[in-house]
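Structural description and commentary
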Amino acid sequence: MKIAFFSAKPYDKQSFETANRAFNHDLTFFESRLTPKTAALAAGFPAVCVFINDELSEDTLREIVANETQLIALRCAGFNNVDLDIATALNLKVVRVPAYSPHAVAEHAVGLIMMLNRKLYKAYNRVREGNFALQGLLGFDLHGKNIGVVGTGKIGECFARIMNGFGCNLLAYDVRENPALVELGTQYVELPTLLAQSDVISLHCPLLPDTYHMIDEESIRQMKPGTMLINTSRGGLIDTKAAISALKSGQLGHLGIDVYEDEGSLFFQDLSDTVIQDDVFQLLQSFPNVVITAHQGFFTQEALTNIANTTLANIRDIETGNACENEVSL
Ligand code: NAD
């Protein structure tokens, strides 16, 4: 099938061209994001392949359908950027990659915890500058601490298993329990209990209307003073302004995020020569106890290979009229 890739980076091109040797689709790569303004680029392509920050809004969907696109292949798990009601009404098929490496994201969440707790970002720079003082680098043992896991699907489970290896006590909240985690000794509790008892809280649930800003002023107020909050899931789970107030008051002790609610105009590009206009993001960056990475949780060799193989297989299934287990429906 002729596929137009949007938001394509050199590493996407490499992994998809390698995987495509087994599929023989016709691949065209565009660097631009798919938005209503760039949707005309999809003309003549029955499939578009998109990523996290492409905008599959009503305007974009109507434009690509008018230009005969029939399939949206998400090369990611989340599909919160697709207006599914409109896609369904327009008869557009939507496929995704539900799992490519839950280990990659879980390991990155643990990396953020270690980085914040032991202040590795400061330590690295200090030693390079010949400053071998330890003042200001004091951390805490993770062993014996309460770790709250919000969302215990594939990534949450991997994360919980790693933290179990550190000797932590696991608390979890999810709309449904994961039996594997119960077997591991995880205690499922209601969200307020998790918030009140955890030393570290890590978010692993999807962004949905009922999870939007699930961490807001009220939920942060319920946390222990000095709690560490980690988000590798979706930026919209946290009300950033509420997090900033809590960092100022000390109610939040550390914040580690791989996702940011307004990341669409920032992440996945080199803006180092420009003045960042997002004041909220700039303020967030200024705190010494905040670490931000630019949505790289998924970014491992294994994950890229799995993403390319699954996406191209999804497209083949739809093209050949076979059932596709990764089709997204309302
Ligand atoms: P999953 O579907 O396996 O697990 C999600 C879990 O969240 C499920 O157990 C589900 O029951 C639970 N859940 C749903 N609604 C909830 C609610 N209201 N409260 C609490 N829990 C709820 O998904 P996954 O593969 O583990 O991925 C989790 C999230 O990680 C994705 O939705 C995506 O946003 C994010 N993600 C981030 C990256 C990255 O690079 N940073 C990469 C992949 C996925």
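Below is a short write-up of the structure.

Conventions adopted
Residues numbered from 1 in each chain as written. Predicted model: local features only at pLDDT ≥ 70, side-chain atom pairs only at ≥ 80, totals over all residues. Heavy atoms only, no water. 1 Å grid on protein atoms, 1.4 Å probe; cavity = no way out; pocket = protein on both sides within 12 Å on 5 of 7 lines; lining within 4 Å. Points joined across faces, edges and corners; volume = space filled by probe spheres on them. Helix = DSSP H or I, 4+ residues; strand = E, 2+ residues; numbered from the N terminus. Nonpolar A, V, L, I, M, F, W, Y, C, P; charged D, E, K, R; others polar. Salt bridge = Lys/Arg side-chain N within 4 Å of Asp/Glu carboxyl O. Buried < 20%, exposed > 50% of the residue type's maximum accessible area, 1.4 Å probe, protein only. Contact = heavy atoms within 4.5 Å. Pairing = 2+ DSSP bridges. Arc of directions from axis to C-beta. Axes fitted to C-alpha atoms, helices over the stretch in contact; angles between N-to-C directions. Parallel < 35°, antiparallel > 145°, perpendicular 65-115°, else oblique. Left-handed = near helix turned anticlockwise from the far one by under 90°.

Tallied over the full model, the rule gives one cavity of 30 Å³ or more. Approximately 60 Å³ is the volume found for the largest cavity. Lining of the largest cavity is provided by Asn231, Gly235, Ile238, Thr240, Ala243, Leu255, Ile257, Val259, Tyr260, Glu261 and Leu284. Looking at the lining of the largest cavity, the elements with two or more residues in it are α10 (240–249) and β11 (252–257). Its residues placed into classes, the lining of the largest cavity shows seven nonpolar, three polar and one charged.

In this section: the pattern of salt bridges. Taken as a whole and assessed by the stated rule, the structure comprises nine salt bridges. Close ionic contact of Lys224 with Asp199 constitutes a salt bridge, the shortest N to O distance being 2.8 Å. Residue Lys224 is found in the loop between α9 (217–221) and β10 (227–231), and its partner Asp199 is found in the loop between α8 (191–197) and β9 (200–203); the two are separated by 25 residues along the sequence.

Mapped onto the secondary structure, Val328 falls in the segment after α12 (301–319). For Val328, a relative accessible area of 8% translates into the label buried. In this structure the C-alpha to C-alpha distance between Val328 and Val94, which are 234 residues apart in sequence, comes to 5.4 Å. The contact partners of Val328, leaving out residues within four places of it in the chain, are Phe79, Leu84, Val94, Val95 and Arg96.

Turning our eyes to something else, we now look at the sheet that holds strand β7 (residues 169–173). Within the open sheet, the seven strands sit side by side as β8-β7-β6-β9-β10-β11-β12. Their pairing is parallel. The open sheet has two edge strands, β8 (187–188) and β12 (290–292), and neither has a second partner. Looking at chain direction, β9 and β10 are connected through four bridges and run parallel. Looking at β10, one finds that Leu203 is bridged to Asn231.

Turning next to helix α2 (residues 58–66). Taken together, the buried positions of α2 are Thr60, Leu61 and Ile64. Around the axis of α2, the buried residues are gathered within 95° of arc, so they sit on the same side. Opposite its buried face, α2 presents the exposed residues Asp59 and Ala66, each directed more than 90 degrees away. Packed against the buried residues of α2 are β3 (47–50), β4 (71–74) and α3 (84–89). After α2 finishes, the residue Glu68 shows a positive phi value of roughly 75°.

Bringing the packing of helix α4 (residues 102–117) against helix α6 (residues 154–165) into the picture now. Contact geometry of α4 with α6 gives a least axis separation of 8 Å together with a crossing angle of 50°. Judged by the angle between their axes, α4 and α6 are oblique. Where α4 crosses over α6, the handedness of that crossing is right-handed. Mapping the contact onto sequence places Pro102, His103, Val105, Ala106, Glu107, Ala109, Val110 and Ile113 in α4 and Lys154, Ile155, Cys158, Phe159, Ile162 and Met163 in α6. Here the residues of the contact of α4 with α6 sort into eleven nonpolar, one polar and two charged.

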